[in-house]
Amino acid sequence: MQHNYWIYLLIMFAVTYLVRVLPLVVFRKKITNRFVRSFLAYIPYAVLAAMTFPAVFFAVDCIPAAAAGVIAAVIVAFKGGSLFTVAASASVVVYVMLLIL
Amino acid sequence: MNLLAFNRGLRDGIAIAIGYFSVSFSFGITAVASGISWWQAVLISLTNLTSSGQFAGIGIIAASGSYIEMAITELVINMRYALMGISLSQKLDPTFKRWQQLILGHCNTDEIFAVAMSRNKTVTPAYMTGLAVLPYIGWSGGTLAGAICGNILPMMISNALGIMIYGMFLAIIVPAMRKEHPILVVACVAILMSCIIHFVPAFSFITDGFSIIICAVAASAVGALLYPVSEEEEEAEHAA
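Residues numbered from 1 in each chain as written. Chains lettered and ligands numbered in written order. Predicted model: local features only at pLDDT ≥ 70, side-chain atom pairs only at ≥ 80, totals over all residues. Heavy atoms only, no water.

A. Here's a closer look at the overall build of chain B. A tally of helices and strands in chain B yields twelve helices and zero strands. In terms of overall size, chain B behaves like a compact globule, its C-alpha atoms giving a radius of gyration of 19 Å where 240 residues would be expected to give roughly 18 Å. Across the 240 residues that make up chain B, the buried fraction comes to 53%. Of the roughly 10400 Å² that chain B leaves accessible, carbon and sulfur atoms contribute 71%. Here chain B contributes 10 positively and 14 negatively charged side chains, and the mean placements of these two sets differ by 10 Å. (Helix = DSSP H or I, 4+ residues; strand = E, 2+ residues; numbered from the N terminus. Rg over C-alpha atoms; globule rule 2.2 N^0.38 Å. Buried < 20%, exposed > 50% of the residue type's maximum accessible area, 1.4 Å probe, protein only. Areas by Shrake-Rupley, 256 points an atom, 1.4 Å probe, with all protein chains shown as cover. Lys, Arg positive; Asp, Glu negative; His and termini not counted. Charge placed at Lys NZ, Arg CZ, Asp CG, Glu CD.)

B. Structural view of the interface of chain A and chain B. Taken residue by residue, the interface counts 70 residues in chain A and 99 residues in chain B. One can count zero salt bridges joining chain A with chain B. Viewed at the interface, chain B and chain A are joined by 24 residue pairs in polar contact (both at pLDDT 80 or more). Tallying contributions element by element places helix H2 (residues 34-52) of chain A first for the side of chain A that touches chain B, with 18 residues. (Contact = heavy atoms within 4.5 Å. Salt bridge = Lys/Arg side-chain N within 4 Å of Asp/Glu carboxyl O. Polar contact = N/O pair within 3.5 Å; in protein donor to acceptor, adjacent residues only side chain to side chain.)

C. The packing of aromatic side chains, seen in detail. By the definition in use, this model includes twelve aromatic pairs over all chains. Cluster of aromatic residues (ring-pair linked, three or more members): Tyr5(A), Trp6(A) and Trp39(B). Note that Arg80(B) overlies the ring of Tyr81(B), its terminal NZ or CZ placed 4.5 Å from the centroid. (Phe/Tyr/Trp six-rings, centres within 6.5 Å; stacked < 30°, edge-to-face > 60°. Lys NZ or Arg CZ within 6 Å of the ring centre and 35° of its normal.)

D. Quick peek at the nonpolar core. One finds Leu83(A), Ile16(B), Ile44(B) and Leu88(B) to be the most contacted residues of the largest nonpolar core, which totals 101 residues. Among the elements that line this core, the one with the most residues is helix H9 (residues 164-179) of chain B, at twelve residues. Not counting the four nearest positions on each side in its chain, Ile16(B) is found in contact with Leu83(A), Glu111(B), Ile112(B), Val115(B), Leu131(B), Pro135(B) and Met168(B). (Core = buried A, V, L, I, M, F, W, Y, C linked by side-chain atoms within 4.5 Å.)

E. Seen up close, unusual backbone geometry. For the bond running from Phe53(A) to Pro54(A), omega is 0 degrees, close enough to zero to count as cis. Positionally, Pro54(A) belongs in the loop between H2 and helix H3 (63-78). In this model, Leu49(B) sits at a positive phi of 50 degrees, which is unusual for a non-glycine residue. Position of Leu49(B) among the secondary structure elements: in the loop between helix H2 (38-48) and helix H3 (51-62). You will see that Ser64(B), though not glycine, has its phi angle at about 55 degrees, which is positive. Mapping Ser64(B) onto the fold places it in the loop between H3 and helix H4 (67-89). Ser64(B) sits in the partly exposed class, given a relative accessible area of 36%.

F. The environment of Val93(A), seen in detail. Residue and element names in this part refer to chain A. Summarising the element assignment, Val-93 is placed in helix H4 (residues 83-100). Here the alpha-carbon distance between Val-93 and Val-70, two residues 23 residues apart in the chain, equals 9.1 Å. For Val-93, the contacting residues outside a window of four places in its chain are Ala-68, Gly-69 and Ala-72.

G. Seen up close, a nonpolar patch on the surface. On the surface, a cluster of nonpolar side chains totalling about 610 Å² of accessible area is made up of Trp6(A), Val32(B), Trp38(B), Trp39(B), Leu144(B) and Ile148(B). Counting residues per element, the ones that place at least two in the nonpolar patch are H2 and helix H7 (125-149) of chain B. (Patch = residues over 30% accessible without salt bridge, like charges linked within 9 Å, V, L, I, M, F, W, Y side chains within 5 Å.)

H. Molecular detail of the pattern of salt bridges. All names here are of chain B. The tally for this structure, following the rule as stated, stands at two salt bridges over all chains. For the salt bridge of Asp-12 with Arg-8, the shortest nitrogen-to-oxygen distance reads 3.1 Å. Pair noted here: Asp-12 and Arg-8 are both in helix H1 (residues 3-33), with a separation of four residues, about one helical turn. Judged by its relative accessible area of 36%, Arg-8 falls in the partly exposed class. The partner of Asp-110 in a salt bridge is Arg-80, and the shortest N-O contact between them spans 2.8 Å. Linking Asp-110 in helix H6 (residues 110-118) with Arg-80 in helix H4, this pair joins segments that are 30 residues apart in sequence.

Below is the structure:
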């Protein structure tokens, strides 16, 4: 059976949209349960941490270069660098490492 | 529309937009390489605005997979957004109208979510709009550029750009880990679990999308048990 691009597109959009927007619309009231509130407060950091490691080491074709980029990003972020400064330093360090290696 | 909040959002969105441009650039290259046309790739980016879901989707289209497979894959990979949506719902300003939620809610990407949540104020519609505009343009523009002229860019540069998205993640979690002990613990639990699931062969059946959900839920639950946030602390944070 020949699959249609438009149906694929519609499915991708519909699923992604519903997963994102339904919770926002459903949970309109403030949640009072202390455990749930704490849980939700920690979610952003837990999600980002789990998404970053170990995936970041495979984001570049060369693992040592990626590791150097991570170290650079952590140092700059630790010193309070902005979102862009941190991302750019990681990128520059990876590029330099790729040139050297 | 509060122009000040809108401008503040725009400013916070610049870094995300640049990071997105580079990531979606490689999406554009991949999409065209797997056999769809440039405008089809751009249309996917305009309607989906998510990296992992789109890369997986392209894979299924290229392999001519079934519609059911597409739906389940997208659901699993994007399920984390439901978690983040609930979290964000608690941070939205009361002035948020239903139709604004229906539009801006779709812009709740990993990075936009993290930046919005790291503010110590409620998220207003004006701020959220400003925050989403540039990343949205960057994401679609990057896809277009990658789809049309992807092969011109040297491999090394696209490689170096690939790490930007993670640099942004680190820029958000590292300062928070440094400042607050509970977040340090939560992040370490999440990282440890994520590495175990990735490297231990017994867990290789767990897909990336599920892995993120499992790790985030477990780590946040540990944090909530060990370090419940009190109302006063939250108030203090918001006032800061």
